[in-house]
Amino acid sequence: VLENLELVFQNLNLQIHDMEQFGPYFQTQTKKRAGCQIDLLIQNKMSYLYLCEMKYKKKIGIEVIKEVEQKIERLDGAQKYSIRPVLIYCGELSKELEASDYFVKMLDFRTLI
């Protein structure tokens with residue numbers, strides 16, 4: 001996915017010149033904050049954070065929503081931004097996940113490339 005960021009940006013209707021920063025994000029745990037790992041975090045100039053969760057498994061279930069919610073809770077400074085969760089996946093989505101309205105976009109990696 002990281003080698004094909006241009007395709008991810010296109011599918012999210014984002015322009016590279018509007019990006020402040022993007023890439024994998026690691027927040028180390030301290031006494032005052034929890035740690036978290038985000039597969040791809042995209043920050044644009046309009047105070048949006050696209051938190052991209054990547055899943056590569058045969059069946060992807062609704063539990064991925066809880067995983068992303070926990071990451072958002074742990075993310076230091078998240079309250080300053082409008083967070084837009086994105087799922088980039090390779091596998092089959094459960095019917096419950098497909099029917100959910102949680103992710104702003106669910107990108108099947110197989111159709112991206």
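Within any chain, residue numbers begin from 1 and follow the written order of that chain's sequence. Where local features are concerned, this predicted model is filtered to residues with pLDDT of at least 70; where side-chain atom pairs are given and counted, the filter is 80 or more; whole-chain, interface and lining totals use all residues. Side-chain metrics in this entry use all non-hydrogen atoms of the structure; hydrogen atoms and water are not considered.

**Student:** Pulling in residues and values, what's your account of the sheet that holds strand 1 (residues 19-27)?
**Tutor:** The sheet built from five strands is open, its strands ordered 1-2-3-4-5 with mixed pairing. A strand with exactly one partner marks an edge of an open sheet, and here the two such strands are strand 1 and strand 5 (105-108). Sheet twist, expressed as the mean angle between neighbouring strand axes with direction ignored, is 25°. Only strands that DSSP links by at least two bridges are regarded as paired with each other. Segments assigned H or I by DSSP are reported as helices when at least four residues long, segments assigned E as strands when at least two residues long, and all are numbered from the N terminus. Bridge analysis of strand 1 against strand 2 (residues 36-44) gives seven bridges, and the strand direction is antiparallel. If you follow Tyr-25 over to strand 2, its bridge partner there is Ile-38. Pairs of residues are marked as contacts when any of their non-hydrogen atoms sit within 4.5 Å. Fitted lines through C-alpha atoms give the axes, limited to the stretch in contact for helices. The angle between two N-to-C directions lies from 0 to 180 degrees. Of the strands in this sheet, strand 1, strand 2, strand 3 (48-60) and strand 4 (82-93) are in contact with helix 2 (residues 63-74), which crosses strand 3 at around 150°.

**Student:** Describe in detail the pairing of strand 3, supporting the description with residues and values.
**Tutor:** Pairing of strand 2 with strand 3, which is carried by four bridges, proceeds in the antiparallel orientation. Along strand 3, the bridge assignment pairs Leu-40 with Cys-52. Hairpin remark: strand 2 followed by strand 3, antiparallel, with three residues in the connecting loop; positive phi at Ser-47, about 65°. Pairing geometry for strand 3 and strand 4, over 11 bridges, is parallel. Counted as the bridge partner of Ile-60 is Leu-93 from strand 4. Taking the sense of rotation as the criterion, the β-α-β connection linking strand 3, helix 2 and strand 4 turns out right-handed. Here the term right-handed applies to a crossover when the path leading from its first strand over the helix to its second strand runs clockwise, the strands being oriented away from the viewer.

**Student:** Describe the nonpolar core, and please don't skip the residues or the numbers.
**Tutor:** Buried Ala, Val, Leu, Ile, Met, Phe, Trp, Tyr and Cys residues that are joined via side-chain atoms within 4.5 Å together make up what is termed a nonpolar core. Residue exposure (1.4 Å probe, protein chains only): buried if accessible area is under 20% of the type maximum, exposed if over 50%, otherwise partly exposed. Ranked by size, the top nonpolar core spans 17 residues in total, and within it Val-8, Leu-12, Leu-40, Ile-42 and Ile-88 carry the most contacts. For this core, the secondary-structure elements that each account for two or more residues are helix 1 (5-11), strand 2, strand 3, strand 4 and helix 4 (109-112).

**Student:** I'd like a description of the pairing of strand 4, backed by residues and values.
**Tutor:** Note that strand 4 and strand 5 share four bridges and pair parallel. By the bridge assignment for strand 5, Ile-88 is matched with Leu-107.

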